[in-house]
Amino acid sequence: MAGGGGEFSGGGSIANSSAFFLITMNLLLFFILGLLVHFVFFLSIFDIYFTSPLVHGMTPQFTPLPSPARRLVLFVADGLRADSLYELDENGTSRAPFVRNIIMHKGSWGISHTRVPTESRPGHVALIAGFYEDVSAVAKGWKENPVEFDSLFNESKYTWSWGSPDILPMFAKGASGNHVYTNCYTAEKEDFGAQDAARLDTWVFDQVKDFFQSAKSNQSLLSKLNEEKIVLFLHLLGIDTNGHAHRPSSREYKDNIRKVDDGIKEIVSLLEDFYGNDGKTAFVLTSDHGMTDWGSHGAGHASETLTPLVAWGAGIRYPQQVSTQLFNDEFLKKWHLENWKRRDVNQADIAPLMASLIGVPFPLNSVGILPLDYLNSSDLFKAESMLTNAVQILEQFKIKMTQKKEVTLPFLFTPFKLLSDSSQLEILGKARSYLKQKKYQEVISLCKKLIHLALEGLSYYHTYDRFFLGISVALGFIGWISFAAIMIIKSHSSLTRNVVKGGKKPHHLLPCSFVVIGVLIAFFLLIQACPWTYYIYCLLPVPIWYAVIKEFQVIQDLITSLLTFSGKHSIVFLLVFTLGNEILVLSFFYRYMLTAGLIAFACWPFFTQLWTQAKITSLCWTFFCLLLAVFPLLPVLGREPDITLVTVAGLLIFLISLSSFVYLWKSKSKNIGKDLPVHLYQMVCVLISIYIVNSTHRSLLQKQGLPQMNQIVSWAILASSLVVPLLGPTIVFQRLLSILLSLMSTYLLLSTGYEAFFPFVLSCLMLVWIHVEQETLQQSRISCTQKLTSIHFAYNTDITQFRQLHLDDIRRSFFFVFFIVTAFFGTGNIASINSFDPSSVYCFLTVFSPFMMGSLMMWKILIPFVLVMCAFEAIQVTTQLSSKSLFLIVLVISDIMALHFFFLVRDYGSWLDIGTSISHYVIVMCMTIFLVFLSGLAQLLTTKKIKLWGKTKPHFM
């Protein structure tokens, strides 16, 4: 791909400043327009895939028979894995003896299968409301209810709850009447780094004990507690907090399980005494999600999706000993529970189970299927409960169908054929007839069939507009890519300038035709009462494609020019470009594809003139490419923190900065004496970061919490990291070194192991890349090589230095996109929530704060991104190229990737597959949008200088 520079441009610089100014203004307008277009494409994914599944207007449904229990006690051990509860310890004893005794002598047990995302809020919504979380809650950090929903607590007579302030309020908010009571500890108590987090669970148990003690002398409270249809909810967060802080294999996590087991035993005994052993209390113990071996959750690993379920008391079936089980996994043998029947459920099934036990209406939006195997009741009760369950889900289906039918033209509406009105009536009629005939098993079988059809129909209508919207967005995408490519060819190359311009201007009917098309689309959407966002997605392709077709003369000239090229050369170039894009796409699924790409990069100089003219530069390029290629092969998940590696990386950075300073001093670089304080401050910050990381790690191991001074200094280093580089000179080498030192100080504070080496190796490769591009341009005789200690970033504002694009600039742009993807995935996988280790933010905070922790971990991901952006700025300066013109090619490559992922988005298969495919598209779109903003940040970091002392002097002369 190198060495072909002459084919894309005639060479030379743009002498006419006014013409260049006009081009620059057009580019600025283009980037603003592009930002808006990409923002629309990004938002489209929320209308296509992230819409609320909830409908409203259903009638409450409940079983018209006496309930087996008067009250329900729900224990949710947050973050408790199924295997951690059920398995025996190294001594062959259970770490939860009371619960194990329940399994063997009093109740039923199994595994509750959760869905992605395995987070606390979605898990609790599934447990208590019976549906899988409205994904629009992501935008609010799983904190608030984007749409109010019905829950078991709302349907109860009274509910009392104790636990975390992150969970309890969302079930009280929107509850009708004043019957859901919450008692929360403060958010500050959720500290990963202080004393044993089991005290959070101890607090809950103590509060419940005090509550029932006070009820004995409070007649009003006592009267409420003796009502039927009441719920007691104990949210136990300690296990989750200890898992994040110490890992599920730690002594703290396992001891916390023992404390929870002891606490449950005490509460059960307390309630039995309080109610005089009336046998009317049902108990359910489960978890919202599990946890990986490395202390994270959110994705679809089995350790995250397999949670325990143990139920006992009123209405619950007693243990059943069996010789064979229905499950092929090895869990039963490991847990020594192969002789006690295991009853697995989906997490949303627990809500209808609890509702049927205390005789309240099923939550209106519940999609759970009542697990009859857990009930110890008559066949009549089971049949009536299943019929209630079927009617409750069928109600949602009817309203969903009605809503969609009302906003769709009759001749365009396609109903769900498997569940027509007649088939609904037929199934319900048969079920009620069998019920009168006491054919209860037939009733249950028919109701299960109806439930599955209704759930399938709900999904059908929920995704009804997906294909239509997807086609609209795809047309807009293809049109935008075409328009951007035309802009590059028209304004930044001479590819079409040697062709005779004998074509005609576009006919005036062309704009009229597109106006008519736009009006017809708008009218079509209007009569269907579509949301206003549909107008944007469907009308956006119209002006984009008009802008493309209007340039038909450029397209015609381009085709004419391409026909003059060597066919073999063009095919090879196209194949290499396509292969490169496929590697980028595959790297989102398989990180080792980055290694393959970097190995190919390492071999690239040997196939060009670069090897013959700059052997040392070529060898350095190959060495650092191969060294960087190691990182995608290293484990991201499940590794233990290794602060020694962080220390070694920090010391290496310090030695490099020291040697660089000595080199600049000996070379008598300009202003090195004046900039000495800045350089020394950054070197000291690196040493301080090393100390803070080690000090904080020791303090947390000793359970002394995060030292306040360490926290203050960490935030100070983070705050100064983007300001200090602006105090130094704008000379390329010195400014890049300054940016690296500042960002590395922060990165060290956010590191827990080998990833601390990643930005350093990446920066070394970026420095070599700058030299490589200088050598490549010298071979093309476009410019002479200048030392990086003499070139200023401020040159990129000098319009007389710019040149037009070359064919080789496509390779430079592709290298940049590849390095950006490598920066994203080199030491992790941003598409997977559990790739992030929460312990990486412990130098800044240990109190649970999802937004702040997520922001810090995102900044850790973006630091290598910024380093690549700054290196790209340096390449644009050293190659005498306008940053905006080269950036156009980058946007085209990014958009091709985004379009690729748009077609890979899936709405079938496992929830993990669906979530991953959507997240890949969102990541690429965010990357494209962030490229525009971070390009501005990189220009700010590289070109601006703050003068705090002395007279302000010109930067570059």
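Before reading further, recall that the structure is shown in the block above.
Structure report, in brief. What you see is a predicted model, and the numbers here were worked out from it, not measured in a lab.

### Some remarks on helix 28 (residues 708–720)
Argument step 1. Helix length check: helix 28 (13 residues) gives 18 Å between terminal C-alpha atoms against 18 Å at 1.5 Å per residue, within 8%.
Argument step 2. Listed as buried for helix 28 are Asn710, Ser714, Ile717, Leu718 and Ser720.
Argument step 3. Buried-residue contacts for helix 28 involve helix 27 (676–701), helix 29 (732–749) and helix 32 (850–878).

### Observations regarding the nonpolar core
Argument step 1. In this structure, Trp621, Phe816, Phe819 and Tyr921 are the most contacted members of the largest nonpolar core, which totals 160 residues.
Argument step 2. A total of 18 residues in this core trace back to one element, the largest contributor, which is helix 32.
Argument step 3. Trp621 has contacts with Phe601, Ala602, Trp604, Pro605, Leu765, Val768, Trp769, Val772, Phe815 and Phe819, leaving out every residue within four places of it along the chain.
Argument step 4. Ranked by size, the runner-up nonpolar core spans 69 residues in total, among them Leu353, Leu387, Leu394 and Leu435.

### Considering the environment of Leu736
Argument step 1. With respect to the helices and strands, the residue Leu736 is situated in helix 29.
Argument step 2. For Leu736, a relative accessible area of 16% corresponds to the buried category.
Argument step 3. Taking the C-alpha atoms as reference, Leu736 lies 7.5 Å from Thr942; in sequence the two are 206 residues apart.
Argument step 4. Ignoring anything within four residues of it in the chain, the contact list for Leu736 reads Ile770, Phe793, Cys870, Ala871 and Ala874.

### What to know about the packing of helix 26 (residues 643–666) against helix 29
Argument step 1. For the pair helix 26 and helix 29, interaxial distance at closest approach is 11 Å and the crossing angle is 160 degrees. By the criterion of interaxial angle, the relationship of helix 26 to helix 29 is roughly antiparallel. When you trace helix 26 past helix 29, the crossing you get is left-handed. Every residue of helix 29 that contacts helix 26 at Val646, Ala649, Gly650, Ile653, Ser657, Ser660 and Leu664 is listed here: Phe733, Gln734, Leu737, Leu741, Met744 and Leu748.

### Re the side chain of Gln61
Argument step 1. As for its position among the elements, Gln61 is in the loop between helix 1 (17–48) and strand 1 (71–77).
Argument step 2. Of the polar contacts made by the side chain of Gln61, one reaches the backbone oxygen of Thr59; its length is 3.2 Å.
Argument step 3. When sequence neighbours within four positions are dropped, the list of residues in contact with Gln61 reads Pro361, Phe362, Thr388, Val391, Gln392 and Glu395.

### Section: the state of the cysteines
Argument step 1. Taken as a whole and judged by the stated rule, the model has 0 disulfides.
Argument step 2. The cysteine Cys620 is free of any disulfide, with Cys764 supplying the nearest cysteine sulfur at 9.8 Å.
Argument step 3. The thiol sulfur of Cys625 is not disulfide-bonded, and the nearest other cysteine sulfur, from Cys603, lies at 9.2 Å.
Argument step 4. Since its relative accessible area comes to 0%, Cys625 is described here as buried.

### Considerations on unusual backbone geometry
Argument step 1. Backbone geometry places Arg247, a non-glycine residue, at a positive phi of 85 degrees.
Argument step 2. Structurally, Arg247 is set in the loop between helix 9 (238–246) and helix 10 (251–274).
Argument step 3. Classification of Arg247 as buried rests on a relative accessible area of 4%.
Argument step 4. At Lys438, a position not held by glycine, the phi torsion is positive, near 65 degrees.
Argument step 5. Along the chain, the position of Lys438 falls in the loop between helix 15 (421–436) and helix 16 (440–462).
Argument step 6. The exposed category is assigned to Lys438, whose relative accessible area is 61%.

Cut-offs used in this document
Residues numbered from 1 in each chain as written. Predicted model: local features only at pLDDT ≥ 70, side-chain atom pairs only at ≥ 80, totals over all residues. Heavy atoms only, no water. Helix = DSSP H or I, 4+ residues; strand = E, 2+ residues; numbered from the N terminus. Expected span 1.5 Å × (residues − 1). Buried < 20%, exposed > 50% of the residue type's maximum accessible area, 1.4 Å probe, protein only. Contact = heavy atoms within 4.5 Å. Core = buried A, V, L, I, M, F, W, Y, C linked by side-chain atoms within 4.5 Å. Axes fitted to C-alpha atoms, helices over the stretch in contact; angles between N-to-C directions. Parallel < 35°, antiparallel > 145°, perpendicular 65-115°, else oblique. Left-handed = near helix turned anticlockwise from the far one by under 90°. Polar contact = N/O pair within 3.5 Å; in protein donor to acceptor, adjacent residues only side chain to side chain. Disulfide = S-S within 2.5 Å.

Shape is all these values report; function is a separate question.
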